[in-house]
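# Observations on chain architecture
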Amino acid sequence: SNRNKTLFLSRVSHELRTPLNGILGFAQLIQRDAANDAKQRQRADLILQSGWHMLDLVEEILDLSAAELGQLRVKHMEVDLGEAMRHSLPRFIALAHEARVELIDRVPDDGSLRVFGDSTRMQQVINNLLSNAIKYNRPLGRVTVSAERMGGSIALTVEDTGIGMSEDQVSRLFMPFERLGAERTSVKGTGVGLALTKWLIELMGGSLVVHSRPGAGSTFTATFSAVSA
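Just so we're clear, the structure is a prediction, and the values are computed from it rather than from any experiment. (Residues numbered from 1 in each chain as written. Predicted model: local features only at pLDDT ≥ 70, side-chain atom pairs only at ≥ 80, totals over all residues. Heavy atoms only, no water.)

Here the focus is the overall build of the protein chain. Counting secondary structure elements, the protein chain contains six helices and seven strands. In the protein chain, the succession of α and β elements from N to C terminus is α-α-β-α-β-β-α-β-β-α-α-β-β. A total of 229 residues make up the protein chain; the buried ones form 45% of that total. Contacts spanning at least 24 positions in sequence make up 70% of the contacts within the protein chain whose residues lie at least 6 apart. When the accessible area of the protein chain is evaluated, it comes to approximately 12700 Å², of which 52% is carbon and sulfur surface. (Helix = DSSP H or I, 4+ residues; strand = E, 2+ residues; numbered from the N terminus. Buried < 20%, exposed > 50% of the residue type's maximum accessible area, 1.4 Å probe, protein only. Contact = heavy atoms within 4.5 Å. Areas by Shrake-Rupley, 256 points an atom, 1.4 Å probe, with all protein chains shown as cover.)

Structure (structure tokens):
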């Protein structure tokens, strides 16, 4: 029954992606044609924002379904964590500013943090961890991203000062479609992102550990095999 559920999610997600791409395409045309009409452009912007968000969710469900079916593949090559962070940060600086959260970057960009993994999937992991740390934070809170070498491994840590979680919530954190603490926040989501993130990290030979306390924030540490200097 679990496999049937996964197959159903995969097929439905595929079917959703086609009309979504059509909606996004026409919204972009409306946006272009409404360059001199502020109200129309605002409406097109809202359609696009919602459409891109939904497409991201569909892609996450497709990835999760592929992982559960054993069909998700990752490459094993050298990835520079510092470079990956440089690609992600501009997008999240704007998101943090909007949420009134301070984003502190302590990841060296000197080529010293090379790990084994998949560059595309590593970007996905970083994006999901940063997104959650900002979304589930509090106004005037902080998100600190750091990385350090520990023997033959490199640990990437994302620490926030958000709402935090109880031990019971942490134990259920990586279960697909769990919306922990949804009653305490207006943040939208499906509970797929962190489950997929953990799966991707493990497929790349790494591990993900979380420490959290209610009201005191959470710390996510992803550890990967380091490339020998």
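In space, the five strands of this open sheet follow the order β2-β4-β5-β7-β6, with mixed pairing throughout. This sheet does not close on itself; its edge strands, each paired only once, are β2 (102-106) and β6 (207-213). The average angle at which neighbouring strand axes cross in this sheet is 15 degrees, direction not considered. Pairing geometry for strand β5 (residues 153-160) and strand β7 (residues 217-225), over seven bridges, is antiparallel. Counterpart to L156 in the pairing with β7 is A222. Strands β2, β4 (142-150) and β5 of the sheet are contacted by helix α3 (residues 81-98), whose axis makes an angle of about 170 degrees with β2. Those strands touched by helix α6 (residues 193-203) are β6 and β7, and its axis lies near 140 degrees from that of β6. (Pairing = 2+ DSSP bridges. Axes fitted to C-alpha atoms, helices over the stretch in contact; angles between N-to-C directions.)

A separate point is the packing of helix α2 (residues 38-68) against α6. One can describe the packing of α2 onto α6 by two numbers: an axis separation of 10 Å at closest approach and a directional angle of 45 degrees. The angle between the axes of α2 and α6 places the two elements in the oblique class. Pair α2 / α6 crosses with left-handed handedness. Here E60, D63, L64, A67 and E68 of α2 come into contact with α6, specifically with G193, A195, L196 and W199. A per-class count over the contact of α2 with α6 returns five nonpolar, one polar and three charged. (Parallel < 35°, antiparallel > 145°, perpendicular 65-115°, else oblique. Left-handed = near helix turned anticlockwise from the far one by under 90°. Nonpolar A, V, L, I, M, F, W, Y, C, P; charged D, E, K, R; others polar.)

Turning to the nonpolar core, a few remarks are in order. Judged by nonpolar contacts, the single largest core of 43 residues is most densely connected at M122, L130, V143, V145 and F220. Of all elements in the fold, only α2, α3, α4 (119-135), β4, β5, α6, β6 and β7 reach the threshold of two or more residues within this core. For M122, the residues in contact, after removing those within four places along its chain, are V79, L81, V115, M204 and F224. (Core = buried A, V, L, I, M, F, W, Y, C linked by side-chain atoms within 4.5 Å.)

By the secondary structure assignment, I61 is in helix α2. Note on I61: relative accessible area 15%, which makes it buried. Through-space distance from the C-alpha of I61 to that of V192 is 6.8 Å; in sequence the pair is 131 residues apart.

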